[in-house]
Amino acid sequence: MGLTPEAISEIVEVFYVRIRAHPILAPVFNDSIGDNWRPHLTKMKSFWLSFALNAGTYAGKPNEAHKTLTGVTSAHFGIWMGLFRQTVRDVTGSEDATAYLETRAQRMAASFKKAMGLEAHRAAK
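The paragraphs below set out a description of the structure included in this document. (Residues numbered from 1 in each chain as written. Predicted model: local features only at pLDDT ≥ 70, side-chain atom pairs only at ≥ 80, totals over all residues. Heavy atoms only, no water.)

### Some thoughts on the overall build of the protein chain
Now for step 1: Secondary structure summary: the protein chain contains six helices and zero strands in total.
Now for step 2: Written out in order from the N terminus, the α and β elements of the protein chain read α-α-α-α-α-α.
Now for step 3: In terms of C-alpha radius of gyration, the protein chain reaches 15 Å, essentially the compact-globule figure of 14 Å for 125 residues.
Now for step 4: When its C-alpha atoms are laid out on the principal axes, the protein chain stretches across 40 × 40 × 30 Å.
Now for step 5: When burial is assessed residue by residue, the protein chain has 36% of its 125 residues classed as buried.
Now for step 6: Restricting to contacts in the protein chain with at least 6 residues of sequence separation, those with at least 24 account for 72%.
Now for step 7: Summing over all exposed atoms, the protein chain offers an accessible surface of approximately 7300 Å²; the carbon and sulfur share of this is 54%.
Now for step 8: Of the charged side chains in the protein chain, 15 are positive and 11 negative; the average position of the first set lies 8 Å away from that of the second. (Helix = DSSP H or I, 4+ residues; strand = E, 2+ residues; numbered from the N terminus. Rg over C-alpha atoms; globule rule 2.2 N^0.38 Å. Buried < 20%, exposed > 50% of the residue type's maximum accessible area, 1.4 Å probe, protein only. Contact = heavy atoms within 4.5 Å. Areas by Shrake-Rupley, 256 points an atom, 1.4 Å probe, with all protein chains shown as cover. Lys, Arg positive; Asp, Glu negative; His and termini not counted. Charge placed at Lys NZ, Arg CZ, Asp CG, Glu CD.)

This is the structure we're talking about:
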């Protein structure tokens, strides 16, 4: 697949350059991160190394961090996913790597949306 720690690092760097240039996503991230982009990128690299390669480098609580975000809708997650998918494809050139990381990212997004109250709760049977 070509997913190495170096590839993950490049994906994170390129992805967040694109996030910061995106007219809809940039304000959400800038409001939350402010001028702390370098620490955020370091944290995201650690997260993705753990989440994608089981590196065990991340010990944070991402659901808790996302609960405090305001003004985020399910539509933001769709835009985020499309940008992420394209970034992985552009960086790796691998459809296998893209599919693998996209599946993981979709699970993560579903968890964040649930934590943020953006996912409809299913009625109990």
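The discussion continues.
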